[in-house]
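An overview of the molecular structure
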Amino acid sequence: MTPISRGFRGRRQPEGTAARLPPGQYETRDFPVLSAGPTPHTPLPAWDLTLRGADGKSTRWTWDEFAALPREKITVDIHCVTKWSKFATGWEGVSIDTLISEAAAKEVKTSAYVLARSDGGYTTNVPLADLTNGKAWIAFGYGGSPLPPEHGGPARLLVPHLYFWKSAKWVRELRFMDTDSPGFWESLGYHNYGDPWREQRYSGDE
Amino acid sequence: MTAPPTATRIPWRTATVASVAPETARTRTVVFDVPGWPGHRPGQHVDVRLTADDGYQTERSYSIASAPNDARLALTVERLDDGEVSPYLTEELRAGDQIELRGPIGGYFVWDIETGGPLFLVGGGSGIVPLMAMVRHRHESLATAAGDAHSLRTRLLYSSRAWDEIIYRDELAHLAAEDHTLEVVHTLTRSAPEGWSGFRRRIDKEMLAETAWPARENPRVFVCGPTPLVESVAGTLVELGHQPALVKTERFGPTGSVTPQSTTTKESK
């Protein structure tokens, strides 16, 4: 039985807000920063992005090449596993669909699973199906400005329908894999998939 | 490091308040009895769930302040004026009340004596809480001769706004006084008592160069505090030659919605 917390009234959310919040989340107007270690600062001339197939074939974009790809403006709600959600965040980025079709022309084949790798060694795993058909981007702009380093700049993965640790900051590589392999937090007690609407926060949830 | 992929679900547990004690004007320690608590590692946190009498619920994360071997689980919470949960925990909650806890959570920002040393801890404000769990665990372990004090030598650099805002001030002084392998260095950023001879500024490169174990000793480094402090300290330590992989961070704010919001948890954590 859930105990009542004596004297706790809480702050009821307006109805529209409540419907927009996944279970256990609350709305914040700020943009908290959470990272496991120091923020890497990769200069743009040294930055590139690689898509690598399971067979080892890969293709890469320099910053200038990446910035010349078709870009999209994205407005989405984001949900952090530490409980905060932020509504209507505005991003600019390149769709993963765009990157995959460019890579296909270079004979880089996709596989069912993807491991994103970042500067600093961070990794996270996402099924390919969660990155395609307009569901994910490599974002380089936030709120009309270049994405600041503490929020993952120069570029981060943006997968807004999953908990935000899946949206790897400082991303440098997407590696396609035939079998799933847990990333950093997924190996440290967090859920392998991370759907906020099913409250898949930790290993063993659902 | 690796959690089993097929772990069982971490359950919500009913926690009963055993005692409450003020730490500073804005912070308070709440000690809970948690039947069935599976134990934790220093640095981990818990999810807290409050339920109003009409069924409304809300959740937050708080770092654990107690050492794993303590009989009860302690959280130290800072009151945030615009907070939904922290004013309740710091002002309303009293012995005998019940809330729900889920944990322990987080497997990265953790240290125990098996991790080894030397250990360099940097805290800002209520960011001291998970670091205190490490200090207490270390102290208890050494008291039972479970580790080598020199190899676990520890320095804590702790930034507070004022003397009266230093959380665990007396306990830290007491621990350092009886253990020459534990050094506690305070810096006060807003005001200092008359005759204060310690640091009186925000943590900077010079202060870190003076207080951190040299990078060549490969110290384990844990930094917890408000985002600007953590960004600055972690970046500066890398400049001073520390390996990024040995510098573990936990940031909170600018929402301050969590007293050390874990981290380790994540926005790509």
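If you're wondering where the values come from, they're calculated on a predicted model, not measured in any experiment.

**As for the pairing of strand β3 (residues 58-62) of chain A**
All names here are of chain A. Both strand β2 (residues 48-52) and β3 contribute to a ladder of 5 bridges, which runs antiparallel. Counterpart to threonine 50 in the pairing with β3 is arginine 60. Between the end of β2 and the start of β3, which pair antiparallel, lie 5 residues, with glycine 56 showing a positive phi angle near 95 degrees.

**A short note on the sheet that holds strand β6 (residues 98-105) of chain B**
All names here are of chain B. The strand order β4-β3-β6-β1-β2-β5 describes an open sheet built from 6 strands, whose pairing is antiparallel. The open sheet has two edge strands, β4 (57-63) and β5 (73-78), and neither has a second partner. Averaged over all pairs of adjacent strands, the angle between strand axes in this sheet comes to 40 degrees, irrespective of strand direction. Looking at chain direction, strand β3 (residues 45-51) and β4 are connected through 7 bridges and run antiparallel.

**What to know about the environment of proline 3 of chain A**
The topology assignment puts proline 3 of chain A in the segment before α1 (15-20). With residues up to four places along the chain from it excluded, the contact list for proline 3 of chain A reads Thr14, Thr51, Gln98 and Glu100 of chain B.

**A few points about the nonpolar core**
Ranked by size, the top nonpolar core spans 105 residues in total, and within it Ile138 and Ala139 of chain A together with Leu131, Phe222, Val223 and Val233 of chain B carry the most contacts. A per-element tally of this core places helix α2 (residues 128-143) of chain B first, with 7 residues. Three or more residues apiece are contributed to this core by two domains, here domain 1 (12-105) and domain 2 (113-252) of chain B.

**Some thoughts on the domain arrangement of chain B**
Residues and elements named next belong to chain B. Domains assigned within chain B are domain 1 (12-105) and domain 2 (113-252). Its C-alpha centre places domain 1 at a distance of 24 Å from the equivalent point of domain 2. Each partner contributes residues to the interface: domain 1 has 15 residues there, and domain 2 has 14 residues. Of the residues that constitute the side of domain 1 that touches domain 2, the class distribution is 6 nonpolar, 7 polar and 2 charged.

**Examining helix α3 (residues 96-104) of chain A**
Residue and element names in this part refer to chain A. Residues Ile96, Leu99 and Ala103 constitute the buried set of α3. Burial along α3 is one-sided: seen end-on, the buried residues are contained in an arc of 60 degrees. Tucked inside the fold, the buried residues of α3 contact β2, β3, β5 (84-95) and β8 (137-142).

**Remarks on the confidence of the model for chain B**
In low-pLDDT segments, the atomic positions of the prediction should not be examined closely. Residues and elements named next belong to chain B. For chain B, the mean per-residue pLDDT works out to 91, and 91% of the residues sit at or above 70. Note that pLDDT drops below 50 for residues 1-5; the model gives that stretch 11 contacts with residues more than four away or on any other chain. Across residues 254-269 the pLDDT falls below 50, and counting only partners more than four positions away or on other chains, this stretch makes 90 contacts in the model. The ipTM, which scores confidence in the relative placement of chains, is 0.90 for this predicted complex, and the corresponding pTM is 0.92.

The rules behind these values
Residues numbered from 1 in each chain as written. Chains lettered and ligands numbered in written order. Predicted model: local features only at pLDDT ≥ 70, side-chain atom pairs only at ≥ 80, totals over all residues. Pairing = 2+ DSSP bridges. Helix = DSSP H or I, 4+ residues; strand = E, 2+ residues; numbered from the N terminus. Axes fitted to C-alpha atoms, helices over the stretch in contact; angles between N-to-C directions. Contact = placed C-beta atoms within 7 Å. Core = buried A, V, L, I, M, F, W, Y, C linked by C-beta atoms within 7 Å. Buried ≥ 20, exposed ≤ 12 C-beta atoms within 10 Å, placed from the backbone. Domains from an automatic or database assignment. Nonpolar A, V, L, I, M, F, W, Y, C, P; charged D, E, K, R; others polar. Arc of directions from axis to C-beta. pLDDT = per-residue confidence, 0-100.

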